[in-house]
Amino acid sequence: MATGWGSLLQDEQQLEELARQAVDRALAEGVLLRTSQEPSSSDVVSYAPFTLFPSLVPSALLEQAYAVQMDFNLLVDAVSQNAAFLEQTLSSTIKRDNFTAHLFDIHKQVLKEGIAQTVFLGLNRSDYMFQRNADGSAALKQIEINTISASFGGLASRTPAVHRHVFNVLGKTKEAAKILSNNPSKGLAMGIAKAWELYGSANARVLLIAQEKERNIFDQRAIENELLARNIHVIRRKFEDVSEKGSLDQDRRLFMDDQEVAVVYFRDGYMPSHYSLQNWGARLLLERSCAVKCPDIATQLAGTKKVQQELSRSGMLEVLLPGQPEAVARLRATFAGLYSLDMGEEGDQAITEAIAAPSCFVLKPQREGGVNEAKDPRSAHLTRLSNEAQMRSALKL
């Protein structure tokens, strides 16, 4: 926190009382998770981990993050529509990673048959860190962009009230008033609602693909409730349900339990463990349909780390976003260094540099499929700007 809080941070008794009040307020506000013991039931719940105090974000960097998000969305869209770029970029990955290979096989099948959907929806989340420069100033650096199942919009909508309460308990009313309202669940729902509207069937449903053991259901329910307030009904189903009861008609309209589906919103399907042979078949069925997928398979592939690494190459943004030098400049200003670990000269060079200066590189596993990457490093001591990080951080100072 800011300077001048030393006495508070040293008062263990006061901190413990403050933490108790914060937890109670989090429970009252609905900052909730199902428990690990009962991940399929809401009979017993707990608070989602959160920071006791909000993170301090320089206003200039916050405005920079706002300004560049449209550019990132346009870039992801451009990548998703560039089949040749995806194939070339992921060619080495699909040889070594079965998960990415399965996704890419579905992508190729859909392209061969012809893409049925005409409306595309991306709900993307960028995660940032602050890089501290040599002169002491801070710079915004994107660590990753999430293009599927970007989570914690619902819980983050409720977190500002918790932090305002903490400040008010301390008598810090001016600080409480400076905490910005944040309602990403409404924005996410507005995107889904627009896709539903463009699909053009008033009785169609939004199909939310979820896991049976879903601890983060309250985050998802916030978006469902926003949609219901707009008279848009959501049905929750698993991949297994789609396999058993999903179907396409002659126009490739998607039906689930005889209900037409306008939008498929994935909150599952981003990890290898989420797929059985049956589930891969269900994913192919969904991708073949004319329903709006959020995301479609190409957009999911666009979010892989290997793609992110390729985008950082000199001149690549200019190829994908021709005639948009201002957008390119905004994007490139946020890039952190990314280095391939592929077999070959480039990967060998990255490994040599990492061995020579191990404190300057961070090795980050590829979650969504693909290869590992070495990150340009100064991110180790930086502050995270993503809602996800704020929600997942432990209740500590």
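Residues numbered from 1 in each chain as written. Predicted model: local features only at pLDDT ≥ 70, side-chain atom pairs only at ≥ 80, totals over all residues. Heavy atoms only, no water.

Undergrad: Even after reading the chapter, I still don't get the pairing of strand β6 (residues 234–237), so can you show me in this structure?
TA: Looking along a regular strand, one sees side chains alternate from face to face of the sheet. Bridge count for strand β5 (residues 205–209) against β6 is four bridges, and the pairing is parallel. If you follow L208 over to β6, its bridge partner there is R236. Note that the unit made of β5, helix α11 (residues 217–228) and β6 has a crossover that is right-handed. (Pairing = 2+ DSSP bridges. Helix = DSSP H or I, 4+ residues; strand = E, 2+ residues; numbered from the N terminus. Right-handed = clockwise from strand over helix to strand, strands pointing away.)

Undergrad: Explain the pairing of strand β9 (residues 259–266) to me, please; I cannot follow it from the model alone.
TA: Counting buried residues along β9, seven of its eight residues qualify, which places the element largely inside the surrounding structure. Sheet topology note: the β5/β9 ladder contains five bridges and is parallel. Note that in β9 the partner of V206 across the bridge is V263. Summarising the sheet, strand β8 (residues 254–256) and β9 pair through three bridges and their orientation is antiparallel. Within the sheet, the bridge partner assigned to L254 lies in β9 and is V261. Between β8 and the antiparallel strand that follows it, β9, lie two residues; D257 among them carries a positive phi value of about 55°. As defined by bridge partners, β9 adjoins strand β10 (residues 292–294) across three bridges and the pair is classed as parallel. (Buried < 20%, exposed > 50% of the residue type's maximum accessible area, 1.4 Å probe, protein only.)

Undergrad: For this particular structure, what's the right way to read the packing of aromatic side chains?
TA: The full count for this structure, using the stated rule, is eight aromatic pairs. For the pair F99 and Y275, a centre-to-centre distance of 5.9 Å together with 45° between the ring planes defines the contact as tilted. In this pair, F99 sits in helix α6 (residues 98–113) while Y275 sits in the loop between β9 and α13 (277–288), placing the two residues 176 residues apart along the sequence. For Y275, a relative accessible area of 10% translates into the label buried. Look at F99 and W280: their rings are 6.0 Å apart centre to centre, the planes differ by 50°, and that puts the pair in the tilted class. Of the two residues, F99 is situated in helix α6 and W280 in helix α13; the sequence distance between them amounts to 181 residues. (Phe/Tyr/Trp six-rings, centres within 6.5 Å; stacked < 30°, edge-to-face > 60°.)

Undergrad: Explanation requested: a nonpolar patch on the surface in the structure shown.
TA: A cluster of nonpolar side chains, L111, I115 and F120, forms an exposed patch at the surface whose accessible area comes to about 270 Å². Of note, L111 is situated in helix α6. (Patch = residues over 30% accessible without salt bridge, like charges linked within 9 Å, V, L, I, M, F, W, Y side chains within 5 Å. Areas by Shrake-Rupley, 256 points an atom, 1.4 Å probe, with all protein chains shown as cover. Salt bridge = Lys/Arg side-chain N within 4 Å of Asp/Glu carboxyl O.)

Undergrad: Which parts of the structure should I look at to understand the nonpolar core?
TA: Within the largest apolar cluster, 51 residues are counted, with the highest numbers of intra-cluster contacts made by L75, V79, L207, V264 and L286. A per-element tally of this core places helix α3 (residues 59–80) first, with eight residues. Those residues in contact with L286, other than ones at most four positions away along the chain, are L207, I209, F239, V242, L254, V264, F266 and K293. In this structure, L121, I192, Y199 and I232 belong to the second largest nonpolar core, which totals 24 residues. (Core = buried A, V, L, I, M, F, W, Y, C linked by side-chain atoms within 4.5 Å. Contact = heavy atoms within 4.5 Å.)

Undergrad: What's the story with empty space enclosed by the protein in this structure? I'm lost.
TA: Regions of empty space are outlined by a rolling probe, equal in size to a water molecule, passed over the atoms. A complete count under the given rule lists four cavities of 30 Å³ or more for this structure. Computed from the structure, the largest cavity encloses a volume of approximately 100 Å³. In terms of lining residues, the largest cavity is bounded by 13 residues, among which L75, I145, A302, Q308 and L311 are the most central. Among the elements of the structure, α3, β4 (138–146) and α15 (305–311) are those that each provide at least two residues to the lining of the largest cavity. By residue number, the principal contributor to the lining of the largest cavity is α3, which donates four residues. Class assignment of the residues belonging to the lining of the largest cavity gives a composition of nine nonpolar, four polar and no charged. (1 Å grid on protein atoms, 1.4 Å probe; cavity = no way out; pocket = protein on both sides within 12 Å on 5 of 7 lines; lining within 4 Å. Points joined across faces, edges and corners; volume = space filled by probe spheres on them. Nonpolar A, V, L, I, M, F, W, Y, C, P; charged D, E, K, R; others polar.)

Undergrad: What am I meant to see in the packing of helix α10 (residues 184–199) against α11 here?
TA: Contact pair α10 / α11: the axes reach a minimum separation of 9 Å and the direction vectors enclose 55°. Here α10 is positioned oblique relative to α11, judged by the angle of their axes. Our pair here, α10 against α11, has a crossing hand that is right-handed. Each of S185, K186, L188, A189, I192 and A193 in α10 lies in contact with α11, whose residues at this interface are A222, I223, E226 and L227. The residue makeup of the contact of α10 with α11, split by class, is seven nonpolar, one polar and two charged. (Axes fitted to C-alpha atoms, helices over the stretch in contact; angles between N-to-C directions. Parallel < 35°, antiparallel > 145°, perpendicular 65-115°, else oblique. Left-handed = near helix turned anticlockwise from the far one by under 90°.)

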